[in-house]
Amino acid sequence: MLDLSSLNPQQRAAVETLRGPVLILAGAGTGKTRVITTRIAHLIARGVPPGQVLGVTFTNKAAREMQERVNQLIPRPPAANDQKPERPTICTFHSLCVRILRQHIERLGYKRNFVIYDESEQLTAVKKILHHISSRAEKPDPAAVLAMLSRFRNGGERAAAFADPKIRALAEHVRGGYESALKACNAVDFDDLILLTLRLFRGFPDALAACRARYRHVMVDEYQDTNAAQFELVHALTREHRNLCVVGDDDQSIYGWRGAEIANLLDMEKFFPEVKVIKLEQNYRSTTTILKAANAVIQHNARRRGKSLWSQHGIGEKITLFAFADDDEEARTVVEEIEFDRGTRRIRWSDQAILFRTNQQSRPLETALRQGGVRYHVVGGQSFFDRREVRDLLAYLKVGLNPHDDISLLRIANVPARGLSDATMQRLLGASQERHSSVFAAMKDPQVQTAFVAKTRVSLASFVETVEQARARLQQPGTVNDPQALRTWADGLLTGVGYFDELRRSEKDPEAAENRVRNLKELIASLDGAGAPGATPVARLERFLEDITLDTQREEEEENHGDVVTLITMHSCKGLEFPHVFIVGLEEGLLPHARSKVEGTLDEERRLFYVAITRAMRTLKISHCAARRKYGQLTPCHPSRFLQELPKELVELAEEREDLPMTPEQRKEWFAAMRATFE
DNA sequence: AGACACAGGTTTTTT
DNA sequence: ACCTGTGTCT
């Protein structure tokens, strides 16, 4: 039997409320994941078939963690009879929808092997349409149009109201073309995954009925981050049986700018009047000082479900407030503090985190850390999958699967150069639009071919041949039982087209070139592990691409190992905790960000500060500067208004220090001397 | 096609 | 300051 005795009364109530709608308001550090996983285990212990339990998260990381912890809690079913033991479904919104769509999407006029476009592919599609529309007067920002498009499609009308009317108009204008362009490529984007599932449910009640019957108990994590479409999806599944348990924290809603509707959580009673609300307020992470500060700050927000964190961890140290002359001094002193803590209090680098509002703030910090000889890693930022060569490889793989995927085809058509110039591709694109066909189909069309000079026709024919051969080899029946078939295929494809040679040639630095090649080879090697063993190479490749598109962070955790300081934005630190936290750049214009004043999202900026504060377990240091280098210019700054919301008695000002040596050499010596002192 | 110069625009980010 | 996209020249 499941042991609930170590839970506090609120946690226990949450775990034991098994039927009907439940809202668990889980403050930062209140054992949320533990409650969710224990509740799932409890459902199963009380006789709910595991297969009827659905847990939905936003990130793959959260899904993995939950999956693991649930597995530890529920007894392994006897592995006897050859039928697979049922497990609860714990996955992200998007992978849930992929599962549903892989079964039913043909009813919506897509082919079952649809590809999923990631953001850069979406952007390419938008750019192409904007180009086509060709509003010569001004050059619109495609990223802004795409963001607005996403808002519209997800039903975030309210949020879109503040936006630039030009962008709005453009987004509305582009919408039709964008949607049909993707559909023509048999491609769906992240939003489509949710929206098409909704369309499926509306158009085909039997599909909805099947999903309702399958998922009788639904839990949703980070509910404050759901957008209108996700909200509808959850409601479609649970409206009837009403076994919906949502977990979240309105005070930690920091993704409004990308469509999250905090109202979904605040107005839960509107749709589920009988909802049972449970507040988790006992925090197991931070000192009382830190929690008092967090409570005081967040109380300045108007519309919220009241909640007040407390803990038994004692008062702890006061919050230290630093005032610096500029961002360089800030960075240097942060490093000095880290090294001082390490020397005097044996605090490891890995117990320290530096939090900032914008990514560009990491630059001076990184410089100072490197000069001080401190190991660090930056969370987020440029992803492995944004690298040019990785995108090229993925495009090749996608074309192998589906040559009618225009975005991928256009990406690789002339990489490496094979005589298909931009002009040629533009004409092909035009021809494909006239014919309502894919670019690849246009390439094969004899009528289209006659429009090109002989040399180009040869290049075209040879490219078409390359693609078709690659596809034929991928589908060869003999390769089913070779676990390395995919790797061999992909490596052969890239080698055959001369991609590796091109990569080596185009990179000046030979070492960097080898690095890129090695990265690619490793990624190709990982194809071996894709999909179910014994499945066809096509199926395994589909699975591989799906996993990569839906889970871009998966490899990045390896760098997390070892004794290194964490540099992270306030947005990506949600869900994490660190013994010692430094929040830098508490200035008007940065936090709250200048843009938030225009957009009227001051509340969300305050929540961001709240999230940052509540990451700290033991000590918290906060700093602001009198001036900061912005776009190359030293600009004066004023302390953030949020600093005044910190109760005075919880804060102490950092002592003035004598100036540190300024040149890098002197500073290195200074740090060496300090280290020597503590040895 | 590739190298170079110039203009413009700089929040947050997962799937 | 720095990165991206675009335009021009070879």
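Residues numbered from 1 in each chain as written. Chains lettered and ligands numbered in written order. Predicted model: local features only at pLDDT ≥ 70, side-chain atom pairs only at ≥ 80, totals over all residues.

(A) Region of interest: the overall build of chain A. The helix and strand tally for chain A stands at 29 helices and 17 strands. Whereas a compact globule of 679 residues would reach a radius of gyration of roughly 26 Å, chain A reaches 27 Å, a difference of no more than 12%. When its C-alpha atoms are laid out on the principal axes, chain A stretches across 80 × 65 × 55 Å. Put simply, chain A has 679 residues, and 42% of those count as buried. Residue pairs at least 24 apart in sequence account for 77% of intrachain contacts in chain A once pairs closer than 6 positions are excluded. (Helix = DSSP H or I, 4+ residues; strand = E, 2+ residues; numbered from the N terminus. Rg over C-alpha atoms; globule rule 2.2 N^0.38 Å. Buried ≥ 20, exposed ≤ 12 C-beta atoms within 10 Å, placed from the backbone. Contact = placed C-beta atoms within 7 Å.)

(B) Quick peek at the protein's contact with DNA strand B. Looking at DNA strand B, there are 30 residues lining it, with Thr59, His94, Phe190, Asn359 and Thr569 nearest. Going through the elements one at a time, α3 (60–73), α4 (93–104) and α27 (594–599) are the ones with two or more residues in the surface near DNA strand B. Residue composition of the surface near DNA strand B, by class: six nonpolar, 17 polar and seven charged. (Near = placed C-beta within 6 Å. Nonpolar A, V, L, I, M, F, W, Y, C, P; charged D, E, K, R; others polar.)

(C) Up close: the sheet that holds strand β13 (residues 578–583). Taken in spatial order, the seven strands line up as β11-β12-β10-β13-β14-β9-β17 in an open sheet, and their pairing is parallel. Because the sheet does not close on itself, it has two edges, and the strands there are β11 (376–378) and β17 (651–653). Strand-to-strand twist of the sheet, defined as the mean angle between neighbouring strand axes without regard to direction, takes the value 25 degrees. Direction of pairing for strand β9 (residues 319–324) relative to strand β14 (residues 616–625): parallel, over a ladder of five bridges. (Pairing = 2+ DSSP bridges. Axes fitted to C-alpha atoms, helices over the stretch in contact; angles between N-to-C directions.)

(D) How the structure looks around helix α19 (residues 422–435). Between its first and last C-alpha, α19 extends 20 Å over 14 residues, near the 20 Å set by a 1.5 Å rise per residue. Two residues or fewer after α19 comes His436, characterised by a positive phi angle close to 55 degrees. (Expected span 1.5 Å × (residues − 1).)

(E) Just the sheet that holds strand β1 (residues 22–26), in detail. With respect to topology, six strands assemble into an open sheet ordered β3-β2-β6-β7-β1-β8, the strand pairing being parallel. Since the sheet does not close on itself, it has two edges, and those belong to β3 (89–92) and β8 (276–280), each with one partner. The average angle at which neighbouring strand axes cross in this sheet is 15 degrees, direction not considered. One ladder, built from four bridges, connects β1 with strand β7 (residues 244–248); its direction is parallel. Each residue of the ladder has a partner; that of Leu23, found in β7, is Val246. Contacting β1, β2 (53–57), β6 (217–220), β7 and β8, helix α2 (residues 32–45) crosses the sheet at an angle of about 165 degrees to β2. Across the sheet, α3 lies against β2 and β3, angled at about 165 degrees from β3, the strand it touches most.

(F) Spotlight on the environment of Cys97. Mapped onto the fold, Cys97 is located in helix α4. Assessed through the 24 C-beta atoms surrounding it within 10 Å, Cys97 is described here as buried. For Cys97 and Pro483, which are 386 residues apart along the polypeptide, the C-alpha to C-alpha distance reads 28 Å. For Cys97, the contacting residues outside a window of four places in its chain are Leu193, Ile194 and Thr197.

(G) Main features of the packing of helix α14 (residues 288–298) against helix α28 (residues 602–613). At their nearest, the axes of α14 and α28 sit 9 Å apart, and the two run at 175 degrees to each other. Relative to α28, the element α14 is oriented roughly antiparallel. The residues of α28 that touch α14, namely those facing Ile290, Ala293, Ala294, Val297 and Ile298, are Arg606, Phe609, Tyr610 and Ile613. Among the residues making up the contact of α14 with α28, the classes are represented as eight nonpolar, no polar and one charged. (Parallel < 35°, antiparallel > 145°, perpendicular 65-115°, else oblique.)

(H) Local environment of the packing of α2 against α3. The contact between α2 and α3 brings their axes to 9 Å, and the two run at 50 degrees. The pairing of α2 with α3 is recorded here as oblique in orientation. Both α2 and α3 take part in a crossing whose hand is right-handed. On α3, the residues touching Thr33, Ile36, Thr37, Thr38, Ile40 and Ala41 of α2 are Glu65, Met66, Arg69, Val70 and Leu73. Across the contact of α2 with α3, the residue classes break down as six nonpolar, three polar and two charged. (Left-handed = near helix turned anticlockwise from the far one by under 90°.)

(I) The arrangement of unusual backbone geometry in detail. Across the junction of Leu591 and Pro592, the peptide omega takes the value 0 degrees, indicating a cis bond. For Pro592, the position within the fold is in the loop between β13 and α27. One non-glycine residue, Asn186, lies in positive phi territory at about 55 degrees. Tracing the sequence through the fold places Asn186 in the loop between α8 (165–184) and β5 (187–189). Phi at His436 takes a positive value of approximately 55 degrees, unusual for a residue other than glycine. Tracing the chain through its elements places His436 in the loop between α19 and α20 (439–444). On the neighbour-count criterion, His436 (9 C-beta atoms within 10 Å) is exposed.

(J) Inspection of the environment of Lys276 at higher detail. Within the secondary structure, Lys276 is located in strand β8. With 195 residues separating them in the primary sequence, Lys276 and Arg471 have C-alpha atoms 55 Å apart. Beyond its immediate sequence surroundings of up to four residues, Lys276 is in contact with Thr17, Gly20 and Val22.

(K) Geometry of the nonpolar core. Counting residues in each nonpolar core, the largest one holds 112 residues, and the members touching the most others are Ile24, Val145 and Val247. With seven residues, the top contributor of residues to this core is helix α17 (residues 388–401). Those residues in contact with Ile24 that sit more than four places away from it in its chain are Ala14, Val35, Cys245, Val247, Ile278 and Leu280. Core analysis: the next-biggest nonpolar cluster, separate from the first, contains 49 residues, Ala293, Leu567, Val584 and Ala616 among them. (Core = buried A, V, L, I, M, F, W, Y, C linked by C-beta atoms within 7 Å.)

(L) A look at helix α26 (residues 537–550). Over its 14 residues, α26 extends 20 Å from the first C-alpha to the last, a length consistent with the 20 Å expected when each residue adds 1.5 Å. For α26, the complete set of buried residues consists of Pro537, Arg540, Leu541, Glu542, Phe544, Ile548 and Thr549. Its buried side turned inward, α26 meets β4 (115–117), α17, α22 (454–475) and α23 (485–496).

(M) Quick peek at the environment of Ala323. When you line up the elements, Ala323 lands in strand β9. Its 16 C-beta neighbours within 10 Å are what place Ala323 among the partly exposed residues. C-alpha separation for the pair Ala323 and Ala654, spaced 331 residues apart in sequence, amounts to 7.9 Å.

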